[in-house]
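Observations on the model geometry
The primary structure of each chain is shown beneath.
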Amino acid sequence: MIAAPDRMPLAREFFDRPVLEVAPELLGRTLVRTTPRGPIELRITEVEAYAGESDPGSHAYRGRTERNASMFGPPGHAYVYFIYGMWFSLNLVCGPEGTASGVLLRGGEVINGIDLAREHRPKARRDRELAQGPARLATALDVDRTLNGTDVCAGPGAPLGVLQGDPVPAHRVRNGPRTGVGGEGATHPWRFWTDGDPTVSPYRAHVPRDRSKRGT
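This is a predicted model, so every value here is computed, not measured.

**Brief notes about the nonpolar core**
- If you look at the biggest cluster of nonpolar residues, it comprises 41 residues, and the most contacted ones within it are Phe15, Leu26, Val47, Leu90, Val103 and Leu105.
- Ranked by residue count, the leading element in this core is strand β2 (residues 38-50), at five residues.
- Not counting residues within four places of it along the chain, the set of residues in contact with Val103 comprises Val19, Val22, Ala23, Leu26, Val47, Glu48, Leu90, Asn91, Leu92 and Cys94.
- Judged by nonpolar contacts, the second largest core, of ten residues, contains Tyr79, Tyr81, Leu104 and Val181.

**Focus: the pattern of salt bridges**
- Counting across every chain of the model gives 17 salt bridges.
- Here Glu25 ties to Arg17 by a salt bridge, and the two come within 3.1 Å at their closest N and O atoms.
- For Glu25, a relative accessible area of 35% puts it in the partly exposed group.
- With a closest N to O distance of 3.4 Å, Asp195 and Arg174 form a salt bridge. With Asp195 in the segment after β8 (191-194) and Arg174 in strand β7 (residues 173-176), this pair connects stretches of sequence that are 21 residues apart.
- Among the charged side chains, a network of salt bridges with common partners joins Glu46, Glu48, Arg106 and Arg191.

**Focus on the packing of aromatic side chains**
- Tallying each qualifying case throughout the model produces three aromatic pairs.
- Seen from the ring of Phe14, Arg17 lies directly overhead, with NZ or CZ sitting 4.7 Å from the centre.
- Just above the ring of Trp193 sits the side chain of Arg191; from NZ or CZ to the centre is 4.4 Å.

Conventions we followed
Here the residue numbers are simple positions, counted from 1 along each chain's written sequence. This being a predicted model, a pLDDT of at least 70 is required before a residue's local features are given, and a value of 80 or more before pairs of side-chain atoms are given or counted; all residues contribute to the totals for chains, interfaces and linings. Water and hydrogen atoms play no part in the side-chain values, which are based on all heavy atoms of the structure. Only buried residues count toward a nonpolar core, which is a set of Ala, Val, Leu, Ile, Met, Phe, Trp, Tyr and Cys residues joined through side-chain atoms within 4.5 Å. Between buried and exposed lies partly exposed: a residue is buried under 20% and exposed over 50% of the maximum accessible area for its type, with that area taken using a 1.4 Å probe on protein chains only. Where helices and strands are cited, they refer to DSSP runs of H or I of at least four residues and of E of at least two residues respectively, numbered from the N terminus. Any pair of residues with heavy atoms lying within 4.5 Å of one another is described as a contacting pair. One side-chain nitrogen of Lys or Arg within 4 Å of one carboxyl oxygen of Asp or Glu is enough to make a salt bridge. For Phe, Tyr and Trp, rings pair up if their centres lie within 6.5 Å, where Trp contributes its six-membered ring, and each pair is then called stacked (planes under 30 degrees apart), edge-to-face (over 60) or tilted (otherwise). Ring-over charges, as used throughout, are those where CZ of Arg or NZ of Lys falls within 6 Å of the ring centre and within 35 degrees of the ring normal.

Pasting the structure below:
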């Protein structure tokens, strides 16, 4: 049986391009998380682009480390990191191997496996909040550091995959500054979202930490 066009997996060539091309074109695609209890599928509605060693907002700005090594690997792989000692965030690696760029998945609508997602996010008051924000998205999909480096182009049955879905037309794509990014990268308009979609997270500007309260 031939899969419907929207169920076709994205090829690695899709990710092997500049991150600012890939990021907006991920909107409307279907992210598939295969778990032992069944799949969870999510329509991507919000992303942020990070351009590696040329981007002050990127984890790879100061070069390769053990933490960010997946960003330097082949395109079409996952980069998962732990933040604030509590949450995971899921990124998709772009560009040729040896460079470091990726797209942070910030928000989406759970379209399949919603009961599983609700179990992972029992505090969500409404279904639109299940994956509204990067930490919520990773939690709803049961994504943690064990999935770091996963090949999202490996095909059916892989822990993570991205399907063609229903790409968002250009006139519905909006962009602006990335959430919570400070310093020289604060003004980069590299956050992309689907206009009017209720699963898009609210924008929050970077708030510098008050170092005078450290240790109190």
